[in-house]
Amino acid sequence: MASILSAMPLMDTMATRTGAAAQELSTGDLSAPVSVSETEAASQPGCARADVVVYGATPSGIAAAIQAARLKKDVILLEPTRHIGGMMTSGLNKTDTAGKRGIYGGIVKEFLDKAQDKYGIGDARYAYFESRWAERTFGDMLEKNNVRLVKGQLIASIRRSGKTIQSLTATSGQSFCGRSFIDASYEGDLMMRAGVRTIVGREAKSKYREDDAGVQKLAYPHVGDGSDRIDLVIDPYIVPRKPASGLLPGLSSIGQQPVGKADKSLMAYNYRLCVTTDPKNMRPFTKPVDYDPLRYEAVARFIAALAEKGRHLSSQYFIGGGDTVNDKQDVNSNSFFSTNVWNVGYDYATGDEAKREQIRQSVRSYIQGYFWFAVSDPRVPKKAREFTAQYGYCADEFVDNDNFPYQMYVRQARRLVGQFVLTENNLKQRTSFSDGIGLGYYPLDQHGMIRTVLNGHIAEDIRDGISLSPYEIPYRVMLPSQKEVSNLLVSVAISTSHVAYTSIRVEPTYMVLGQAAGAAAALAPGGNVNKVDVQRLRQELAKSGQVLSWW
């Protein structure tokens, strides 16, 4: 007998099987249903049917849908919001492409080649572009390959019969039936509702014998290294030296936990802003209606602590140097107090849609206020205020969202615990896999995990990046246990350790995984992804340009 599994926020265990309770939309949410004229399936009564149903029009989901369509399958691509392309159409325009030629092929290379041709970029290793161009380009690629795109379809529940997912129902009330399903969402919401085993947080160092796993030793913000290192002493209390006054906003009271222990921490989130100095295309940073200077008190104290040590804030501190194209910059976080918002990941990953929307709005508000602080607060050095004030939001980007990016940068959320768990050791040792379906190539780049208090000062759980060579990714990391679900592939929130995911978590790698998932779904007998002929899968991927090995 078929069962319906729907959303349940998970708040108690890191590795879990999930059950029921539907998500709710908050008022004004970007996930609100919109016109679905993109596909005739939306107007049909009952369940819209396809061979392959992909949830999440992230770059990974787009690559999955295109690849499955090229293998002559009927594909429906569902997107919860009004916009496709995930982070690559929401400000992440200095895409984390490989610093080596030949790492990425297939659909990744197709897109990057289009960007290089459009913007005249001569170095084939890199590709910079505009968000609005990326969204149009992804849309054109989907249309050319006859993918049926349906926007505004936030998942509410799935229907299963035994180990087989039969349909996905969205909060719009529409249902979508498929032989196989692909979860290409950043949050892993489809796999969670399917009842497969997932994890949120870090494993213990002992779990997979990884050198860099688990809780890290807290460190004070510092400048310099080795003998030149200077720790910055920053008071964490609202009233300095008065613990009873409470902690400054953004700090956790958790303190130092046992080093190497498992915990529920996730990397800091932010939005990747698009800014410009072009007066014809610039909207100045303005004061948010909910601006609260206390939210930026830690930044002010950081600036003061630098000055006390004889160091000075760079005039470019708030903007950075992320030049892209057409006088635009991609603003990311920096090493200290920046656009990153810490200590919110677990609540977001496990929360319902109302909770997530609350976090999105809070992060957005913080970042808008952060730039108002940067241009207006007298505690910011004059040169930094003046330099930052030359910039503003790009008026021609995100025009239906007040020129603010659509997608929050969810660096990690849930992860699948599947048929194989890829670990730090696999990446460092460049393990060769008989079921390898593509390459990854990015440092083990872990953004801030916990910002807290140590001995009366602000301290952080953070780790320096660790360089890697290109490494293989096996097919099995996309597969839930055979005992759980038979027709589901996961192409973003894949089965890795936390440490390995700090490298996996970039859009070109997600696209590699998406293309492999799309091919596997197309080749799955009766939709059963466990029965895919892996050698045939590899052959199809190689034929489509995917790079399967680096050595």
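Fair warning: this is a prediction, and the values are worked out from it, not measured in the lab. Residue numbering note: each chain is counted from 1, following its sequence as written. Only residues with pLDDT of 70 or above have their local features reported here, since the model is predicted, and side-chain atom pairs are shown and tallied only from 80 upward, although totals for entire chains, interfaces and linings are computed over all residues. With hydrogens and water stripped out, all remaining heavy atoms of the structure feed into the side-chain values.

**Student:** Can you help me understand the overall build of the protein in this one?
**Tutor:** Strands here are runs of E lasting at least two residues and helices are runs of H or I lasting at least four, both read from the DSSP assignment and numbered beginning at the N terminus. Helix and strand content of the protein: 13 helices and 21 strands. Throughout, radius of gyration means the C-alpha value; the globule benchmark is 2.2 Å times the number of residues raised to the power 0.38. The C-alpha radius of gyration computed for the protein amounts to 23 Å, which stays within 12% of the reference 24 Å derived for 551 residues, consistent with globular compactness. Taking the principal axes of the C-alpha coordinates as reference, the protein spans close to 65 × 55 × 50 Å. When accessible area is computed with a 1.4 Å probe and restricted to protein chains, residues below 20% of their type maximum are described as buried, those above 50% as exposed, and intermediate ones as partly exposed. In the protein, which comprises 551 residues, the share counted as buried stands at 61%. Residues are treated as being in contact if the distance between any of their heavy atoms lies within 4.5 Å. When contacts within the protein are restricted to residue pairs at least 6 apart in sequence, long-range pairs at least 24 apart make up 78% of them. About 20700 Å² of surface is accessible on the protein, with carbon and sulfur atoms providing 48% of the total. Computed over 65 positive and 58 negative side-chain charges, the inter-centroid distance for the protein is 4 Å. Method for areas: the Shrake-Rupley scheme with a 1.4 Å probe, in which residue coverage is limited to the protein chains shown. Within this scheme the basic residues Lys and Arg register as positive and the acidic residues Asp and Glu register as negative, but His and the chain ends are omitted. Charge placement uses NZ in Lys and CZ in Arg. For Asp and Glu, CG and CD serve respectively.

**Student:** It is not clear to me how the sheet that holds strand β15 (residues 392-394) should be interpreted in this structure. Could you clarify?
**Tutor:** Two pairing modes exist for strands in a sheet, parallel and antiparallel, and in both the strands are linked by backbone hydrogen bonds. Here, strands pair whenever DSSP counts at least two bridges between them. If you walk across this open sheet you meet the 4 strands as β13-β15-β12-β14, and the pairing is antiparallel. The open sheet is flanked by β13 (282-284) and β14 (328-331), the only strands paired with a single partner. For this sheet the average axis-to-axis angle between neighbouring strands, irrespective of direction, equals 50°. The sheet contact formed by β13 and β15 spans 3 bridges and is antiparallel. Among the inter-strand pairings, Arg 283 is bridged to a residue of β15, identified as Tyr 393. What counts as an axis is a line fitted to C-alpha atoms, over the stretch in contact for a helix, and the angles between N-to-C directions run from 0 to 180 degrees.

**Student:** Help me understand the pairing of strand β7 (residues 164-170) in this model?
**Tutor:** Within a regular beta strand, the side chains point alternately toward one face of the sheet and then the other, so they alternate between its two faces. Bridge count for strand β6 (residues 155-161) against β7 is 6 bridges, and the pairing is antiparallel. Residue pairing in the sheet places Arg 160 in a bridge with Ile 165 of β7. Counting the residues in the hairpin turn of β6 and β7 gives 2 residues, including Gly 162, whose phi is positive at 60°. Sheet analysis places β7 next to strand β8 (residues 175-183), joined by 3 bridges and oriented antiparallel. Bridged to Leu 168 within β8 is Phe 176.

**Student:** Where do I start with the packing of helix α8 (residues 353-376) against helix α9 (residues 382-389) in this structure?
**Tutor:** The relative placement of two packed helices is expressed as an angle between their axes plus a distance between the axes. Between α8 and α9, the least distance of the axes is 7 Å, while the angle of their chain directions is 125°. With respect to α9, the axis of α8 lies oblique. Seen from α8, the contacting residues are Phe 371, Ala 374, Val 375 and Ser 376; seen from α9, they are Ala 384, Arg 385, Thr 388 and Ala 389. Classification used: nonpolar for Ala, Val, Leu, Ile, Met, Phe, Trp, Tyr, Cys and Pro, charged for Asp, Glu, Lys and Arg, polar for all others including Gly. Taken together, the residues of the contact of α8 with α9 sort by class into 5 nonpolar, 2 polar and 1 charged. Every angle not falling under 35 degrees, over 145, or within 65 to 115 is termed oblique; those three ranges are roughly parallel, roughly antiparallel and roughly perpendicular.

**Student:** I keep staring at the pairing of strand β3 (residues 47-55) and nothing clicks. Help me out?
**Tutor:** The element β3 is extensively covered by neighbouring structure, given that 7 of its 9 residues are classed as buried. Relative to β8, β3 runs parallel, the two being bridged by 8 bridges. In the sheet register, Tyr 55 faces β8, and the bridge partner there is Asp 183. Relative to strand β4 (residues 75-79), β3 runs parallel, the two sharing 4 bridges. Paired with Val 52 across the bridge in β4 is Val 75. Place the viewer so that the strands point away; then a crossover is right-handed whenever the path from the first strand over the helix to the second strand goes clockwise. Note that the unit made of β3, helix α1 (residues 59-70) and β4 has a crossover that is right-handed.

**Student:** In this structure, what is going on with the confidence of the model for the protein? I would like to understand it.
**Tutor:** One rule of thumb: low pLDDT means the predicted coordinates there are not for detailed reading. Confidence of the predictor at the level of single residues is given by pLDDT, which spans 0 to 100. Residue-level pLDDT values for the protein average 91, and 92% of them are 70 or greater. Here residues 1-44 is a poorly scored stretch, pLDDT under 50, and it has 126 contacts once near neighbours within four places are set aside; other chains count.

**Student:** What should I look at first to understand the nonpolar core in this one?
**Tutor:** Grouped burial of nonpolar side chains is what soluble globular proteins tend to show. For this analysis, a nonpolar core means a set of buried residues of the types Ala, Val, Leu, Ile, Met, Phe, Trp, Tyr and Cys, connected via side-chain atoms within 4.5 Å. In this structure, Phe 111, Phe 302, Phe 318, Tyr 475, Met 478 and Leu 489 are the most contacted members of the largest nonpolar core, which totals 131 residues. Considering every element that reaches this core, the biggest residue donor is helix α12 (residues 507-523), with 10 residues. Apart from residues lying up to four places away in sequence, Tyr 475 is in contact with Asp 435, Ile 437, Leu 489, Ala 520, Val 529, Val 532, Val 534 and Leu 537. Ranked by size, the runner-up nonpolar core spans 23 residues in total, among them Ile 155, Ile 158, Leu 190 and Val 485.

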